[in-house]
Amino acid sequence: MKSFQSVLLASAVLLISASFAFSQECAKEAVTVGFLPKLDTDPYFKVAQQGAEEAAKEIGGKAIQVAPSQATAEAQIDFINSLVSQKVGVIAISANDANAVAPALKRAAQQGVRVISYDSDVAGDARSVFVNQAKGDSLAEMMLESAYNLIGGEGEFAILSSTPTATNQNAWIDFMKAKMAAEPKFAKMKLVQVAYGEESEQINQQQALALVQAFPDIKAIIVPAGIGLPAAARALEEAGMIGKVKLTGLAPATLISKYIKDGAAQDIWWNVSDLGYLTYQTAQALAQCKITGKEGDKFSAGRLGEYTIGAGGELILGPAKIVTPDNLAEFKF
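Throughout what follows, the structure given in this document is the object of discussion. Here the residue index of a chain counts from 1 through its sequence in written order. For this predicted model, a pLDDT threshold of at least 70 governs which residues receive local features, and a threshold of 80 or more governs which side-chain atom pairs are given and counted, while totals over whole chains, interfaces and linings are taken from all residues. The basis for every side-chain value is the complete set of non-hydrogen atoms in the structure, without hydrogens or water.

1. Side note on the sheet that holds strand β7 (residues 189-196)
We apply this condition: Between any two strands, at least two bridges found by DSSP are needed for them to pair. Secondary structure elements are defined from DSSP: runs of H or I of at least 4 residues count as helices, runs of E of at least 2 residues count as strands, and each element is numbered from the N terminus. Comment: axis = line fitted to C-alpha atoms, over the contacting stretch for helices; angle = value between 0 and 180 degrees taken between N-to-C directions. Residue contacts are counted whenever heavy atoms from the two residues lie within 4.5 Å of one another.
Strand order across the open sheet formed by four strands is β7-β6-β8-β9, with parallel pairing between neighbours. Every other strand in the sheet has two partners, leaving β7 and β9 (246-249) as the edge strands with one partner each. Between one strand axis and the next, the sheet turns through 25° on average, direction left out of account. Looking at chain direction, strand β8 (residues 218-223) and β9 are connected through four bridges and run parallel. Bridging from a neighbouring strand, A220 pairs with K246 of β9. Contacts from helix α7 (residues 201-214) reach β6 (155-161), β7 and β8, with the element oriented near 165° to β6. The strands touched by helix α8 (residues 228-238) are β6, β8 and β9; relative to β9, the strand with the most contacts, the crossing angle is about 170°.

2. Focus on the nonpolar core
Under the convention used in this document: Here, nonpolar core refers to any group of buried Ala, Val, Leu, Ile, Met, Phe, Trp, Tyr and Cys residues whose side-chain atoms link them within 4.5 Å. Accessibility here uses a 1.4 Å probe with only protein chains present; expressed as a share of the type maximum, an area under 20% marks a residue as buried, one over 50% as exposed, and anything in between as partly exposed.
Residues I221, L247, W269, W270 and F299 are the most contacted members of the largest nonpolar core, which totals 83 residues. Among the elements that take part in this core, helix α10 (residues 272-287) stands out by supplying nine residues, more than any other. Residues I91, A95, A102 and A123 belong to the second largest nonpolar core, which totals 20 residues.

3. Some thoughts on empty space enclosed by the protein
To keep it simple, the criterion reads: Using a grid of 1 Å spacing that covers the protein atoms alone, one calls a set of points a cavity when a 1.4 Å probe fits there but cannot get out, and a pocket when the set is open and has protein on both sides within 12 Å along at least five of seven lines; lining residues are those with an atom within 4 Å of a point. Grid points are joined across faces, edges and corners, and a volume is the space filled by probe spheres set on the points. Side-chain classes are defined by residue name, with Ala, Val, Leu, Ile, Met, Phe, Trp, Tyr, Cys and Pro counting as nonpolar, Asp, Glu, Lys and Arg as charged, and the others, Gly among them, as polar.
According to the stated counting rule, one finds one cavity of 30 Å³ or more in the structure shown. Quantified by volume, the largest cavity comes out at close to 140 Å³. For the largest cavity, the lining is made up of 16 residues, of which Y44, D119, Q169, A225 and G226 are closest to its centre. When contributions to the lining of the largest cavity are tallied by element, the ones reaching two or more residues are α2 (43-59) and α6 (167-182). The biggest single contributor to the lining of the largest cavity is α6, with three residues. Looking at the lining of the largest cavity, its residues break down into eight nonpolar, four polar and four charged.

4. A short note on the sheet that holds strand β4 (residues 114-118)
A sheet is described by the order of its strands in space; here six strands give the open sequence β2-β1-β3-β4-β5-β13, paired in parallel fashion. Each edge of the open sheet is held by one strand with a lone partner, namely β2 (62-65) and β13 (314-316). Each strand of the sheet is rotated relative to its neighbour by a mean of 25°, with strand direction disregarded. Here strand β3 (residues 90-93) pairs with β4 via four bridges, running parallel. Paired with A92 across the two strands is I116, which belongs to β4. Against the sheet, α10 makes contact with β1 (32-36), β2, β3, β4, β5 (129-132) and β13, and its axis sits at roughly 160° relative to β4, the strand it touches most.

Put into structure tokens, the structure is as follows:
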């Protein structure tokens, strides 16, 4: 026979489940989507928001964006709570820390707010869909291949990431390390250090200079962060090291176009406005129960066409490209 405590616990679980289901009714029209990027000063997220606003004009609803002035999970939690109090229909978050923000997102869901992530994922049980700019492994592989080509396949290199808790960047770094260990092709490349720019232009500049000073034989730095790559390029240029130390990573192509043209840098990039556009389309489809986040769910994302939810609730915008002098003109941001 079940104990009285176990019966009470089971009843509580059923009540919570019923409340959760009741509170997340299907919206009959477009809702307000609250975008919560990592940082308020990052131009990357401003361009993504332009895409979200384009989608809102097409299908209705509203795209609002709030963001912290410091790239921390604690700062994002305050904004999650604020968006819940504003009664948004969906929160779309690019996480500074996948796990630290999860409890606040789960509380938001219990209050009827649906949750998706974009750009940088959160814990899988804290959201319905992750809108990824490109397949994570492919981005990591492209950054490593770019560095390999820039330095002729041998020599020391470093990685200048954003924060130690950045979900997407940690996954990319782990993939690069595993690929280097598994493939003889990379045997002559040596990763000497992973440093962090803390989503700050000044700190990225300081860290880039610190890396070239600490490792005088370094040949390249991979910078998988939109703020970090242009900052590192400017710092190395002022120090007379640009070109001697090659750069690659992720950044708006227009911000490092001069270095790409000179052959001192390469870039892996995608259409950032389209990421915001797809995230908004996904949020509305979820709010209106056109999708649930399950693998195989299909929906129409406006001018981008039909999309299908993949394993783990992941949705891929599309393939990225290595930006070189030959294709630089294709990238407007």
